[in-house]
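So the chains spell out like this:
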Amino acid sequence: MSGMWVANGLSQDLPLGVVMAGAWQGAELAIWRSASGRLSAWNDRCPHRGMRLSHGFVRGETLSCIYHGWAYGTDGACSKIPAHPAMVPPAAIKAEVYQCVEAEGVIWVAPAGSDVDLPDLSGLAAVRSVTVQAGLAEVAHALPGFVCEGAVWRGQLDGAAVALVVQDRGALVRIHALGTGDRVKVSRWLDGMMRLAEQGVLA
Amino acid sequence: MIPQAVLNEWYPVAMIALVGPRPGRQTQLLGSDIAVFLEDGQIVVQGAKGQRLAVTLRYGHVWACPGTPAHDLFPIPEADQPGRRLVDCGVVRVKCSPLRAVENFLDIAHFPFVHTDVLGAEPHTEVGRYEVQIREDSDEVWATKVHFYQPQAAKSAAGGIVTEYMYRVAAPTAAVLYKTCPNQPDAWDVIGIFVQPLTEEFCEVWPWMALFDDTTPQADLIQFQQMIFLQDRSILENQIPRLLPLDPGKEIPTQADLTSIAYRRWLKRKGLTYGAQMVAA
Ligand code: FES
């Protein structure tokens, strides 16, 4: 599982110029989209003094740390140190960069250098993400007839294909749902599935 | 095991004005339960085993030493200067290393980003060269000739000015800053932060001021300082790692961080490692 891709939300939930917190296995990440739409995922730790970069702000094609405003370009290299405006930051100052891509409306993250293939979700369209207050076992229980392939659970809803990309966060599970059929129907069904999984926790 | 050097220092544990009779203030110092209360008109700091800690009452606060005091509490001569108004600003609880709280207090480069339009504003972000030394006579860290542009340096400042600062680390978890005073150009405003190390990753910060300012209502002064520290808290609770690294490890300091570098070096040299991370990570 060393270089696997982990889903970190749907493209539609990360607009231009926004940064959010994410995770790859145990590593905490800052995932952001530049003004022109480029996606990046970095270790959530500013190389200067360790502030979480997910608390930072996007300006154009850079993400700035909220503590001292150090700005980093989409390649992770520091491009500006406001305390020393005349200085060109040394190349060694660089955020720890992960691979970050989006396919079929899902944002995926993997460590740099990993060459594992992305799960194939072609033909499906993103519906929405939900957070289930339950463990993976309760979620599995609420999905009879679904087949698990790594992080993706596949099944049918009234004859239309549904895929759920599952992100296990311990006490809760993030589910990013995709489908071929009616989005409203998939969305309603998701609500029911969530209730079932969360009741499973209480039972 | 807490190093003896740590135990032999003074730490703030309460505001004098708020100490009442038993059970008094139930709190923690270096991970141990303590109680601060009034008994026969005296303020007592009592440890978990019933032992009494050494106590000093100064600068509006109760200071306790869990070991054998290595020295007297540091002096702030301005506290006794006629005409100064001494203001206790209450307490801010922060989920961070006490050392991180002090380091942040010594930092100016964050003003435009964390205290935007109050203590700093873009594009005035440059931190010029300043001087830092570990003074051998007093055994304190000092930063002097620090200049910074500020849109509203104090409650009594109307517009933007270049403020001069001096910073001083007087104890492992206490620092004092001196800044040019908008009301009296030849004097310095004095602001302290006294940090109570509850545990290595949890502290209470007591800001304190000695100002030449007769006009600003007390409530406004306190509110101003509280606002500043609440802004700092959002930073301090989100730094990785939680403990202060005494060796840079993954961190990259620049010239603007000279005070922080000296503070970390001073802590390391004196073995004041409570709240510090010794392994580079
Ligand atoms: S910690 Fe990020 S700029 Fe200083």
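Keep in mind the model is a prediction, meaning the values are calculated, not measured. (Residues numbered from 1 in each chain as written. Chains lettered and ligands numbered in written order. Predicted model: local features only at pLDDT ≥ 70, side-chain atom pairs only at ≥ 80, totals over all residues. Heavy atoms only, no water.)

Re the domain arrangement of chain B
Residue and element names in this part refer to chain B. Taken domain by domain, chain B comprises domain 1 (4-65) and domain 2 (83-277). Taking only C-alpha atoms into account, the centre of domain 1 sits 24 Å from that of domain 2. Listed per partner, the contact involves 18 residues of domain 1 and 19 residues of domain 2. A buried area of about 1600 Å², summed over both sides, lies between domain 1 and domain 2, and 66% of it is on carbon and sulfur atoms. Its largest share of buried area at the contact with domain 2, domain 1 owes to Pro12, Met15 and His61, together 26% of the area lost on that side. At the boundary of domain 1 with domain 2, the tally comes to one salt bridge. The salt bridge involving Glu204 is made with Arg25; its shortest N-O contact spans 2.6 Å. (Domains from an automatic or database assignment. Contact = heavy atoms within 4.5 Å. Buried area = accessible area lost by both parts, 1.4 Å probe. Salt bridge = Lys/Arg side-chain N within 4 Å of Asp/Glu carboxyl O.)

Quick word on the side chain of B:Asp257
Checked against the element boundaries, B:Asp257 lands in the loop between β15 (244-245) and α5 (258-270). Polar contacts involving the side chain of B:Asp257 include one to the side chain of A:Arg49, which spans 3.0 Å. Once you skip the residues sitting within four places of it in the chain, B:Asp257 turns out to touch A:His48, A:Arg49, B:Asp107, B:Tyr130 and B:Ile252. (Helix = DSSP H or I, 4+ residues; strand = E, 2+ residues; numbered from the N terminus. Polar contact = N/O pair within 3.5 Å; in protein donor to acceptor, adjacent residues only side chain to side chain.)

Regarding the nonpolar core
All names here are of chain B. Within the largest apolar cluster, 64 residues are counted, with the highest numbers of intra-cluster contacts made by Val36, Tyr167 and Tyr263. Looking at which element gives the most residues to this core, the answer is helix α4 (residues 218-236), with five residues. Setting aside residues up to four positions removed in sequence, Tyr263 forms contacts with Leu99, Val102, Glu103, Leu106, Val141, Val169, Pro172 and Leu244. (Core = buried A, V, L, I, M, F, W, Y, C linked by side-chain atoms within 4.5 Å. Buried < 20%, exposed > 50% of the residue type's maximum accessible area, 1.4 Å probe, protein only.)

Some details on the packing of helix α2 (residues 98-105) of chain B against α4(B)
Residues and elements named next belong to chain B. In the contact formed by α2 and α4, the axes pass within 11 Å of each other and the chain directions differ by 125°. By the angle between their axes, α2 is oblique relative to α4. Along this stretch, α2 crosses α4, giving a crossing that reads as right-handed. Together, Arg100, Ala101, Asn104 and Phe105 of α2 and Phe229, Asp232 and Leu236 of α4 make up the contact between the two elements. (Axes fitted to C-alpha atoms, helices over the stretch in contact; angles between N-to-C directions. Parallel < 35°, antiparallel > 145°, perpendicular 65-115°, else oblique. Left-handed = near helix turned anticlockwise from the far one by under 90°.)

Details of the pairing of strand β6 (residues 61-65) of chain B
All names here are of chain B. Counting buried positions along β6 gives five out of five residues, so the element sits mostly inside the fold. Burial along β6 is two-sided: His61, Trp63 and Cys65 and Val62 and Ala64, pointing in opposite directions, are all buried. Two strands pair when backbone bridges link them, and strand β1 (residues 11-15) and β6 are joined in this way by four bridges, in the antiparallel orientation. Across the sheet, residue Ala14 finds its bridge partner in β6, namely Val62. (Pairing = 2+ DSSP bridges.)

What about the packing of aromatic side chains?
All names here are of chain B. Taken as a whole, this structure holds 17 aromatic pairs over all chains when the rule is applied. With a centroid separation of 5.6 Å and 55° between ring planes, the pair formed by Tyr59 and Trp208 is classed as tilted. One end of the pair, Tyr59, is in the loop between β5 (54-58) and β6; the other, Trp208, is in strand β14 (residues 202-211), and 149 residues separate them in sequence. The ring centre of Phe202 lies 6.0 Å from the NZ or CZ of Lys95, which sits over that ring. Just above the ring of Trp142 sits the side chain of Arg135; from NZ or CZ to the centre is 4.1 Å. (Phe/Tyr/Trp six-rings, centres within 6.5 Å; stacked < 30°, edge-to-face > 60°. Lys NZ or Arg CZ within 6 Å of the ring centre and 35° of its normal.)

Overview of the pairing of strand β11 (residues 161-171) of chain B
Residues and elements named next belong to chain B. For β11, the buried fraction is high: eight of the 11 residues fall into the buried class. Pairing analysis gives six bridges linking β11 to strand β12 (residues 174-181), with the strands arranged antiparallel. Paired with Ala171 across the two strands is Ala174, which belongs to β12. A loop of two residues connects β11 with β12, the two strands running antiparallel in sequence.

A closer look at the side chain of A:Ser11
For A:Ser11, the location among the structural elements is in the loop between β1 (6-10) and β2 (18-24). With sequence-adjacent residues up to four places away left out, A:Ser11 is seen in contact with A:Arg33, A:Glu102, A:Gly105, A:Val106 and A:Ile107.

So, the sheet that holds strand β3 (residues 27-33) of chain A
Residue and element names in this part refer to chain A. Within the open sheet, the six strands sit side by side as β1-β10-β9-β4-β3-β2. Their pairing is antiparallel. Of all strands in the sheet, those bounded by a partner on one side alone are β1 and β2. Going from strand to strand, the sheet's axes swing by 30° on average, the running direction of each strand aside. For β3 and strand β4 (residues 39-43), the ladder comprises five bridges, and the chain directions are antiparallel. Looking at β4, one finds that Leu29 is bridged to Asn43.

A few points about the pattern of salt bridges
Evaluated as defined, the whole model comprises 23 salt bridges over all chains. A:Arg49 is the partner of B:Asp257 in a salt bridge, and the nearest nitrogen-oxygen pair spans 3.0 Å. Here A:Arg49 lies in the loop between β4 and β5 (57-59) and B:Asp257 lies in the loop between β15 and α5, a pairing that spans two chains. For the pair B:Asp257 and A:Arg49, one class covers both residues: buried. A salt bridge links A:Arg154 to A:Glu149; the shortest N-O distance between them is 2.9 Å. Note on A:Glu149: relative accessible area 43%, which makes it partly exposed. A network of salt bridges, in which partner residues are shared, links A:Arg49, B:Arg100, B:Glu103, B:Asp107, B:Glu251, B:Asp257 and B:Arg264.

Focus on the interface of chain A and chain B
Often, the extent of an interface is quoted as the loss of accessible area on bringing the components together. Taken together, the contacts link 26 residues of chain A with 29 residues of chain B. Both sides together, the interface formed by chain A and chain B hides about 2300 Å², and carbon and sulfur atoms give 53% of it. Considering only the side of chain A, the residues that lose the most area to chain B are A:Arg45, A:Arg49 and A:Tyr67, jointly responsible for 33% of the buried surface there. For the interface between chain A and chain B, the tally reads four salt bridges. The interface formed by chain A and chain B includes 18 residue pairs in polar contact (both at pLDDT 80 or more). Taken together, the residues of the side of chain A that touches chain B break down into 12 nonpolar, six polar and eight charged. (Nonpolar A, V, L, I, M, F, W, Y, C, P; charged D, E, K, R; others polar.)

Quick notes on the environment of A:Gln99
All names here are of chain A. Mapped onto the secondary structure, Gln99 falls in strand β9 (residues 97-103). Residues Gln99 and Leu39, spaced 60 residues apart in sequence, show a C-alpha to C-alpha distance of 9.3 Å. When sequence neighbours within four positions are dropped, the list of residues in contact with Gln99 reads Trp5, Trp108, Val109, Ala110, Pro111, Ala112, Gly113 and Ser114. In this structure the side chain of Gln99 is engaged in a polar contact, spanning 3.0 Å, whose partner is the backbone oxygen of Pro111. Polar side-chain contacts of Gln99 include one of 2.8 Å to the backbone oxygen of Ser114.

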